[in-house]
Amino acid sequence: MFRGSIAIFFLALILAYSFFVIQSASCYIIEDEWVEKIESYARAIDANTTAEIVVCVFPSLYGHSIKDSSGAEIHDIVKLGVHIFNEEPLEVYDGIQTGIGKKGKDNGVLILIAMEEQQWRIEVGYGLEGDITDIEANLIAQNYLVPAFQQGNYGEGLYYTVVALSQQIPASNESNNLALRGYYYYESVNTSESSSTPFWEWEIFGIPLWVVIIFILFGVFLPVFRRGSSRGSGRWSGGRSGGGGVGGRW
Amino acid sequence: MKGKIVVAIVAIIAVIVVASFAVMYFSTYNRLVALSASVDEKWAQVEQELQRRYDLIPNIVSAAKAYMTYEGSMLQNVTALRSQWMNALQSGNMDAINNATAQMESGITGLMVTFEAYPDLRSSEVIQSLMITLEGTENRISTERMRFNEAVRDYNTAIQSFPANLWAAGWGFTAKSYFEAQIGSTEVPSLNF
């Protein structure tokens with residue numbers, strides 16, 4: 001009897017928290033279906049060309065807790081793009097990688113979206129600046145991203161932007177025995193209140209451990225830009241960029 | 001016998017002290033060399049992007065000429081600033097470069113603002129492409145400038161820190177100047193097409 005009421009108590013807690021989780025999940029912007037399409041397309045690009053196209057979606061340029069070297073939160077989309085591209089540790093399948101693209105090839109592309117400010121930015125790595133010029137990137141964004149975003153079809157707009165960008169990247173003739181990145185889509189779990197912990201940790205440490213356990217029970221992985229906690233422990237360095245690319249509003 | 005042991009211990013300690021001093025001395029020197037090289041490498045990146053802007057200006061000027069009948073002096077001004085700026089860049093004097101860059105940037109800003117008054121010009125595809133390239137160039141310049149200044153900061157901090165400050169001047173390491181961003185010059189005024 002006593003045991004039964006404890007079980008009911010915990011069940012109620014679990015239900016309450018899952019309700020809470022679903023509520024806060026409404027800030028997830030891109031539908032799972034499109035995220036999966038983007039991920040699988042980007043994985044194929046990585047396999048064929050070794051280039052890495054990464055999509056990052058932010059609810060806002062404020063409150064994401066990504067800081068520059070002086071410790072101030074970055075509110076400028078260009079600076080944020082350069083920072084995420086080069087210095088932000090992003091989760092990959094076997095650990096953490098800093099720098100988008102392969103090391104030495106600098107063949108990464110970052111698509112950055114700030115929903116509230118209605119700003120987009122395509123940051124191109126050094127190694128691809130010749131294949132994806134600023135003008136070409138702008139043309140792609142104007143043709144695929146901006147119209148879809150104006151209609152509210154965010155996932156679709158991102159997917160076709162990724163496809164169009166990938167068509168500019170030449171296939172690699174060398175055998176690709178480089179590890180695939182594993183993840184190409186990141187979404188900031190944003191809050192308007194700023195957090196003092198680094199953003200890639202606050203889902204792990206900011207939420208009580210038992211809530212995380214409930215997440216796992218429900219088969220939902222949410223940490224790191226709504227990613228599962230890293231499975232490997234490796235730290236890798238990747239490609240670099242230097243502010244190349246284009247940006248705008250929709 | 002006891003005296004010999006004491007002598008041996010003192011000798012060993014002396015060797016350790018001298019050796020660790022030597023290691024510190026040489027590693028400090030090597031660190032400064034590496035930091036100084038990093039500054040130079042980053043400056044090369046900055047110069048490359050400045051060169052891109054330099055090459056872009058004649059294209060913008062010639063594309064704009066067809067539309068801007070009354071503001072020829074504006075275009076001449078930018079062209080003059082461009083050569084002045086190149087001279088400063090070649091001289092390698094950081095103050096001159098900072099100064100010429102500031103003038104160049106305000107010249108470009110003035111030109112962009114003037115463009116606003118010409119709807120035909122703004123809607124020209126050539127100009128739009130050039131504007132996108134210019135905007136990309138400005139972003140690259142500010143990124144490389146930031147990295148250069150960070151490298152200079154690391155280098156300057158290193159030569160002023162103990163023990164490097166004792167030897168840096170003797171080795172010929174002097175403080176390097178920053179490439180300063182003028183307030184408001186980091187952003188190119190955006191044209192609303």
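See the structure above.
Draft legend 1. Inspection of the environment of Glu129(A) at higher detail. Tracing the chain through its elements places Glu129(A) in the loop between strand 5 (119–125) and helix 4 (134–150). Taking the relative accessible area as the measure of exposure, Glu129(A) reaches 14% and is therefore buried. Residues Glu129(A) and Gly245(A) lie 116 residues apart in sequence; the distance between their C-alpha atoms is 7.7 Å. With sequence-adjacent residues up to four places away left out, Glu129(A) is seen in contact with Val124(A), Gly244(A), Arg52(B) and Arg140(B). A polar side-chain atom of Glu129(A) sits 3.4 Å from a polar atom in the side chain of Arg52(B).

Draft legend 2. Highlighting a nonpolar patch on the surface. A cluster of nonpolar residues, Ile5(B), Ile9(B), Ile13(B) and Val17(B), forms a patch on the protein surface that exposes about 360 Å² of accessible area. Summarising the element assignment, Ile9(B) is placed in helix 1 (residues 2–65).

Draft legend 3. Molecular detail of the interface of chain A and chain B. Tallying the contact residues gives 17 residues for chain A and 13 residues for chain B. Summing the contributions of chain A and of chain B, the shared interface buries around 1200 Å²; its carbon and sulfur component is 42%. Counting across the interface, chain A meets chain B through 3 salt bridges. At the junction of chain A and chain B, the tally comes to 8 residue pairs in polar contact (both at pLDDT 80 or more).

Draft legend 4. The packing of helix 4 of chain A against helix 5 (residues 154–166) of chain A, seen in detail. Residue and element names in this part refer to chain A. Packing of helix 4 against helix 5 leaves a shortest axis separation of 7 Å and a crossing angle of 170°. By the angle between their axes, helix 4 is roughly antiparallel relative to helix 5. When helix 4 is examined against helix 5, the residues Ile140, Tyr144, Leu145, Ala148 and Phe149 are found in contact with a partner set consisting of Tyr154, Gly157, Leu158, Tyr160, Thr161, Ala164 and Leu165. Class assignment for the residues of the contact of helix 4 with helix 5 results in 10 nonpolar, 2 polar and no charged.

Draft legend 5. Spotlight on the pattern of salt bridges. Residue and element names in this part refer to chain A. In the structure shown here, the tally under the stated rule is 15 salt bridges over all chains. Between Glu39 and Arg43 there is a salt bridge, with its nearest N and O atoms 3.6 Å apart. Of this pair, Glu39 and Arg43 both sit in helix 2 (residues 32–49), separated by 4 residues, roughly a single helical turn. Overall, Glu39 belongs to the buried group, its relative accessible area being 7%.

The rules behind the values
Residues numbered from 1 in each chain as written. Chains lettered and ligands numbered in written order. Predicted model: local features only at pLDDT ≥ 70, side-chain atom pairs only at ≥ 80, totals over all residues. Heavy atoms only, no water. Helix = DSSP H or I, 4+ residues; strand = E, 2+ residues; numbered from the N terminus. Buried < 20%, exposed > 50% of the residue type's maximum accessible area, 1.4 Å probe, protein only. Contact = heavy atoms within 4.5 Å. Polar contact = N/O pair within 3.5 Å; in protein donor to acceptor, adjacent residues only side chain to side chain. Patch = residues over 30% accessible without salt bridge, like charges linked within 9 Å, V, L, I, M, F, W, Y side chains within 5 Å. Areas by Shrake-Rupley, 256 points an atom, 1.4 Å probe, with all protein chains shown as cover. Salt bridge = Lys/Arg side-chain N within 4 Å of Asp/Glu carboxyl O. Buried area = accessible area lost by both parts, 1.4 Å probe. Axes fitted to C-alpha atoms, helices over the stretch in contact; angles between N-to-C directions. Parallel < 35°, antiparallel > 145°, perpendicular 65-115°, else oblique. Nonpolar A, V, L, I, M, F, W, Y, C, P; charged D, E, K, R; others polar.

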